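This is what each chain is made of:
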Amino acid sequence: MEYKKTKLISYIKSFSKNELIDFEKFLSSPYFKITRNLVPFLKILKKFHPEFSSTDLNEKFIYNLLYPGSEYSGKKSNDLFRAMSSSLLKAVEDFISYSGFTKNKVLRKRILLEGILDKGLNKYYESYLPAAEKDLSEEEKITGLNLIEKNQLETLNNRNCLFTLQYKKSFKYAFKSLELVSVQFLLNFLRLSNLKHLTQKFDKMDHGENIADKLSKVLDIEKILKIYENTPEYVYLSFCWNTLLCISNKTAYTYYKKAKDIFFENRDSISQYEKNSFYSDLINICQLGFGDERNVDRRELFNLNKSCLEDKAYKVFGEDYMQYTFYRNVLIAAVFFKEYDWAEAFVEKYTNELHHEHRDNLKFYSGALINYGRSTVSYTHLTLPTNREV
């Protein structure tokens, strides 16, 4: 295998300029330093950043820079170079883990709480708990429900109560933990069932006998959901349940309307991440069509796309790219409804949000489609391609 195609180079190639600077500091730190000094090795590799495509990126060239006057030949030099590469790869993996940990305030606070309990410092536990709960609440505003992390906190709360002999209070946390785990289970079940039906209908995918089907036969979801009616998670559960009923019942419009109303009535309190998911589900349902004839409500679909744009829910995070399929579907719908000025404004505003590989082609395609639409009479031949991801 060419050296430029190894795992080590692939990982380092993914680093930004600032990440490489931080990685060098990481390698230089006495706390993380290992037996070999890997900084000179990294400095050589940094010269090939960001493309890592030079013909000089090979074992012999790098070895000669690392060990001037030495010749790269034979088993000894090969083993030494492989050992250096292996050590640097291990350091890269540690750095990725360390960076992720330092950036994750929620995880850091929870591990601190766990460490406090491990060391028997329970009298300090509750003074650190509010900060952990606040960070988790702030994170959920961006990334959506984090039931697993909430459960981890409740488990630690329960453990603290047991250690301090607050047995009755420990049950409060134990029951809350059970509630969170049960909601996580139900959401996973409903979302996976939705995805199963969508892939069956869009891709003719055969999933065979699976746990989702077995659970569907024995669970009375309507009764179960009533238990959660006054919880913050009920919006998510009821939305997923109605989309599942819609998809599994010939795309019944009644259930679609319920799901849409639930979302739009609560979208101000839903995170950007979850908005992206909710819009994706509604758009997929619209593209399936409603009723026995699978009639696609093009106007409803176009309005959903417009609303998705207004909410900036077409991507999960600000640095993400717009999906090219979403861009194309919006444009086709605009031309179908002869909203040419709107389509031109859309192209002008959103083309740069596409990945650079798609920008030029789609901008050319968009101009051609809009000009063609302005000059033709019939639009019935314009079809909306399937799009399972906003």
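See above for the structure.
Here is a short report on the structure shown in this document. (Residues numbered from 1 in each chain as written. Predicted model: local features only at pLDDT ≥ 70, side-chain atom pairs only at ≥ 80, totals over all residues. Heavy atoms only, no water.)

Examining the side chain of Glu353
In this structure, Glu353 sits in the loop between α17 (340-350) and α18 (356-375). Here Tyr314 takes part through its side chain, which lies 3.0 Å from a polar atom of the side chain of Glu353. For Glu353, the residues in contact, after removing those within four places along its chain, are Tyr314, Lys315, Tyr321 and Met322. (Helix = DSSP H or I, 4+ residues; strand = E, 2+ residues; numbered from the N terminus. Polar contact = N/O pair within 3.5 Å; in protein donor to acceptor, adjacent residues only side chain to side chain. Contact = heavy atoms within 4.5 Å.)

Structural notes on the packing of helix α2 (residues 17-28) against helix α5 (residues 74-103)
Viewed as axis vectors pointing N to C, α2 and α5 meet at an angle of 110 degrees, and their least axial separation amounts to 10 Å. Considered as vectors, α2 and α5 are oriented roughly perpendicular to each other. Between α2 and α5, the residues in contact are Glu19, Asp22, Phe23, Phe26 and Leu27 and Leu88, Ala91, Val92, Asp94, Phe95, Tyr98 and Lys103, respectively. (Axes fitted to C-alpha atoms, helices over the stretch in contact; angles between N-to-C directions. Parallel < 35°, antiparallel > 145°, perpendicular 65-115°, else oblique.)

Some details on the pattern of salt bridges
Scanning the model with the defined rule gives 24 salt bridges in all. One salt bridge connects Lys43 with Glu24, and the closest N-O pair in it is separated by 3.8 Å. Here Glu24 lies in helix α2 and Lys43 lies in helix α3 (residues 39-46), a separation of 19 residues in the sequence. The partly exposed category is assigned to Lys43, whose relative accessible area is 45%. Within this structure, Glu24, Lys43 and Lys46 form a network of salt bridges that share partners. (Salt bridge = Lys/Arg side-chain N within 4 Å of Asp/Glu carboxyl O. Buried < 20%, exposed > 50% of the residue type's maximum accessible area, 1.4 Å probe, protein only.)

Quick notes on the environment of Ile270
Relative to the helices and strands, Ile270 resides in the loop between α13 (253-266) and α14 (272-288). Measuring from C-alpha to C-alpha, the distance between Ile270 and Ile142 comes to 8.7 Å, with 128 residues separating the pair along the chain.

Notes on the side chain of Thr351
Among the secondary structure elements, Thr351 is positioned in the loop between α17 and α18. When its relative accessible area of 5% is taken as the criterion, Thr351 is described as buried. A distance of 2.5 Å separates a polar side-chain atom of Thr351 from the backbone oxygen of Val347. Residue contacts for Thr351: discarding those within four places in its chain leaves Tyr327, Phe346, Arg359 and Lys363.

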